[in-house]
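The lines below spell out each chain.
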Amino acid sequence: MMTGAKRKRSVVWRKIQAIRFEDIKLWCMRRLPILRWMPAYNWKENLIPDTVSGVMLAIQQVTQGLAFAVLSSVHPVFGLYGSFFPVIIYATFGMGHHVATGTFALTSLISANAVERLVPSVRTNFTTNNNSGPLGLSEFEMQRIGVAAAVSFLGGIIQVAMFMLQLGSATFLLTEPVISAMTTGAATHVVTSQVKYLLGMKMPYISGPLGFFHIYAYIFENIRSVQLEALLLSLLSIVVLVLVKELNEKFKRNIKVVLPIDLVLIIATSIACYYADMEYIYGLEVVGHIPEGLPSPKPPPMNVLPEVVTEAFGVALVGYVASLALAKASAQKFKYTVDDNQEFLAHGLSNVIPSFFFCIPSAAAMGRTALLYSTGAKTQVACLVSCVLILVVIYAIGPMLYWLPMCVLASIIIVGLKGMLMQFRDLKKYWNMDKIDWSIWISTYVFTICFAANVGLLYGVVCTIVIVIFRFPRAKTLSLKNVKEVEYKYKTEDNCESLKQVKIVSVNNPLVFLNAKKFHTDLIKIIQKDSTSSQCEQNTLLCSFPNGSCHGESLQTCHSERRVLIVDCSGLDFFDYTGVSVLLQIYMDCKNRHIDVLLAHCKASLIKAMQYGGNLESENPVFFESITSAIDAVQIHRSYSKFSEQSEV
């Protein structure tokens, strides 16, 4: 008799032997997206726009790398490394064509908590040039980057573990209002952390619950210690940055290459600081010594991992959520798909591997991704081009940044967060579409401000789930009488020719973030199946259930008429922003497929939300009081079309 252990080993061995080369190739193509898009890369059409975008991206990567490293409480040079290594890893494993990963304000702010807690200092001075460390930096700076690299390493391990557990499918819990509120609150924290550099003040690191308010209390108590020269230079930098960026945005269609104002400002202020000797005459804090070249790989200090678990989870969740939102927006804009689970792997490896090269935690940034949009980037080749230029900076130009004032870097950070801070405008949208989502946004933002980004994110998810759980039991089910009435309408209709290519989908459950994705997927499958059917198709009454399944009865019709989809919303008792977005997306998808969409039994609140949230321009009415009136409208329209055709003949 074969023992249980031997039998299990035998089964495993047979599975290993059953693996074919094609299976391995398919797995590699799934997990290494670069193997799919790079061989099909159109060098003739895409290389020039990708190169131009890569040059512009490199400029922003360098400035943000230096700034976000300071935000992470480590030496600025480590931000340059963080703008190089993670970009290469994500280009290999990531699926977002326009996602620009690298240093990120929110993850830098989270890792700074661990750095300041484990390697505290009374005063950080980046100008110290002590050659005792391996990169020509002080032992103090090496200890600090060791903690930040440990946060990056453990955060990446958590993301890879989430990939292995297939937790990418759980991202539907991260609704748009929660992500918007969390990122806006975190951006507010980042702005607050830079106020000391804008004012030229020396102040201790303040964090923890209500730390946001303690920082401003300290500033007002010590307002007399504000450095006037730093304040004036900060205000001038912010005005110049905002003005030029607005002009670039306004005239981007008329100019081929936008002015890289970040780079111009860095060069101008560095030269001015050098010739005016502002560091010693006015006491301006500058970046200081920037080591040349790339560091040799070294594992992060494993002994500090148990002490940075909280920050690592924050980096893993906040970084992934912000990056995935950008990847999905990019995919929707440019018509391709993104695997939520693969993104866990891509960002996890983008944190684990670079941590061996003294990199701070990384993620995708809204400003850099928007830059790729505006400069016409086509693929991740733009990001790889930026890596080549960053390498030039690391080996040749870095030491010239010694005289860059810290207040200018802080100004660049704040202006770069404009996109996140402008998300306050979403409040009007949420108020008009769903008051509950509006309240979730406000409360999530308050929690983020009072505590931290990861706490705000957790609160937002829990709050959303609790609200949906309380709202679901109040939902009404679809009345069987209504279904029978529609079936009777179909079965006794004499003029069957008028019902060609008509489908009715009856929504009998609330449409919220929990089931919106499944509803959209099932409906698109039905439409695609209908599109690929033969000359004759079935006229079906479909009822959507909470699990997304469909059933119905059929009548044979022909393809001679334009197809019509009638959505019966009588059972749609409540909805949220995600549900309305899915309905609007279905409307646009059907419009692109030349399918007319009519909505029946819509509540006034749903009509208002859909009209506010999307462009429903149509020659014919979209909303109807009942299915019967919608079908009558189809009959009238088709009769008129036939009459017009006969008149022309």
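Residues numbered from 1 in each chain as written. Predicted model: local features only at pLDDT ≥ 70, side-chain atom pairs only at ≥ 80, totals over all residues. Heavy atoms only, no water.

**Q** Please set out the overall build of the protein chain residue by residue, giving values where relevant.
**A** Regarding its fold elements, the protein chain presents 27 helices and nine strands. A buried classification covers 52% of the 649 residues belonging to the protein chain. Within the protein chain, contacts between residues at least 6 apart in sequence are counted, and of these 84% link residues at least 24 apart. About 30,600 Å² of surface is accessible on the protein chain, with carbon and sulfur atoms providing 64% of the total. (Helix = DSSP H or I, 4+ residues; strand = E, 2+ residues; numbered from the N terminus. Buried < 20%, exposed > 50% of the residue type's maximum accessible area, 1.4 Å probe, protein only. Contact = heavy atoms within 4.5 Å. Areas by Shrake-Rupley, 256 points an atom, 1.4 Å probe, with all protein chains shown as cover.)

**Q** Tell me about the nonpolar core, and name the residues and values.
**A** Formed by 125 residues in total, the largest nonpolar core has its most connected members in Phe78 and Tyr81. Counting residues per element, this core draws most heavily on helix α8 (residues 139-164), at 12 residues. With sequence-adjacent residues up to four places away left out, Tyr81 is seen in contact with Pro86, Leu135, Gly293, Leu294, Pro295, Phe357, Phe358, Cys359 and Ile394. In this structure, Tyr430, Ile449, Tyr577 and Leu599 belong to the second largest nonpolar core, which totals 39 residues. (Core = buried A, V, L, I, M, F, W, Y, C linked by side-chain atoms within 4.5 Å.)

**Q** Summarise unusual backbone geometry; cite the residues concerned and give the values.
**A** Positive phi is not limited to glycine here, since Phe358 has a value of about 60 degrees. Residue position: Phe358 is located in the loop between α15 (340-352) and β2 (362-364).

**Q** Can you tell me about the pairing of strand β7 (residues 564-568), naming the residues and giving the values?
**A** In terms of burial, β7 is largely enclosed, as five of its five residues are buried. Direction of pairing for strand β3 (residues 502-507) relative to β7: parallel, over a ladder of five bridges. Across the sheet, Val502 pairs through a bridge with Val564, a residue of β7. Sheet topology note: the β7/strand β8 (residues 596-600) ladder contains five bridges and is parallel. Residue pairing in the sheet places Leu565 in a bridge with Val597 of β8. Of the crossover connections in this fold, the one passing from β7 over helix α25 (residues 577-592) to the parallel β8 is right-handed. (Pairing = 2+ DSSP bridges. Right-handed = clockwise from strand over helix to strand, strands pointing away.)

**Q** Lay out the confidence of the model for the protein chain with the relevant residues and their values.
**A** Caution is warranted with low-pLDDT regions, since their predicted coordinates should not be read in detail. For the protein chain, per-residue confidence averages 81 on the pLDDT scale, and residues scoring 70 or more make up 83% of the total. Note that pLDDT drops below 50 for residues 475-494; the model gives that stretch 32 contacts with residues more than four away or on any other chain. (pLDDT = per-residue confidence, 0-100.)

**Q** Just give me the short version of a nonpolar patch on the surface, but keep the residues and values in it.
**A** On the surface, a cluster of nonpolar side chains totalling about 530 Å² of accessible area is made up of Leu263, Ile267, Ile271, Tyr274 and Tyr275. Here Ile267 is to be found in helix α12 (residues 261-276). Its relative accessible area of 44% is what places Ile267 among the partly exposed residues. (Patch = residues over 30% accessible without salt bridge, like charges linked within 9 Å, V, L, I, M, F, W, Y side chains within 5 Å. Salt bridge = Lys/Arg side-chain N within 4 Å of Asp/Glu carboxyl O.)

**Q** Outline the pairing of β8, supporting the account with residue identities and numerical values.
**A** Here β8 lies mainly inside the structure; four of its five residues are buried. Both β8 and strand β9 (residues 623-624) contribute to a ladder of two bridges, which runs parallel. From the neighbouring strand, Leu599 faces β9, where its bridge partner is Phe623.

**Q** Could you give me a rundown of the environment of Thr448, with the residues and numbers involved?
**A** Within the element layout of this structure, Thr448 appears in helix α21 (residues 435-450). It is 8.8 Å that separates the C-alpha atoms of Thr448 and Tyr459, two residues lying 11 residues apart in sequence. Every residue in contact with Thr448, bar those within four places of it in the chain, is listed here: Ala181, Met182, Gly185, Ala186, His189, Ala453 and Gly456. Within the local environment of Thr448, its side chain forms a polar contact with the backbone oxygen of Thr444, the two atoms lying 2.8 Å apart. (Polar contact = N/O pair within 3.5 Å; in protein donor to acceptor, adjacent residues only side chain to side chain.)

**Q** Explain the environment of Val115 to me, using residue names and the numbers behind them.
**A** Looking at the element boundaries, Val115 is found in helix α7 (residues 105-118). Along the chain, Val115 and Ile145 lie 30 residues apart, while their C-alpha atoms are 7.8 Å from each other. Discounting chain neighbours no more than four positions away, the residues touching Val115 are Ser72, Ser73, Val74, Pro120, Arg144, Val147 and Ala148.

**Q** How would you sum up α12? Please name residues and give values.
**A** If you check α12, its first and last C-alpha atoms are 22 Å apart, about what 16 residues at 1.5 Å a residue would give, namely 22 Å. Buried within α12 are the following residues: Ile261, Asp262, Leu265, Ile266, Thr269, Ser270 and Cys273. The buried residues of α12 occupy an angular sector of 155 degrees when the element is viewed end-on, so they sit on one face. Buried residues in α12 make contact with α4 (43-71), α11 (228-250), α13 (278-281) and α18 (406-416). Note on α12: the residue one or two positions beyond its end, Asp277, has a positive phi of about 50 degrees. (Expected span 1.5 Å × (residues − 1). Arc of directions from axis to C-beta.)

**Q** So, α11: which residues are in play, and what are the values?
**A** It helps to recall that an α-helix has 3.6 residues per turn; residues three or four apart then point in one direction. Helix length check: α11 (23 residues) gives 33 Å between terminal C-alpha atoms against 33 Å at 1.5 Å per residue, within 8%. Turning to α11, its buried residues are Ala230, Leu233, Ser234, Ser237, Leu241, Val244 and Asn248. Elements in contact with the buried residues of α11: α9 (176-199), α12 and α18.

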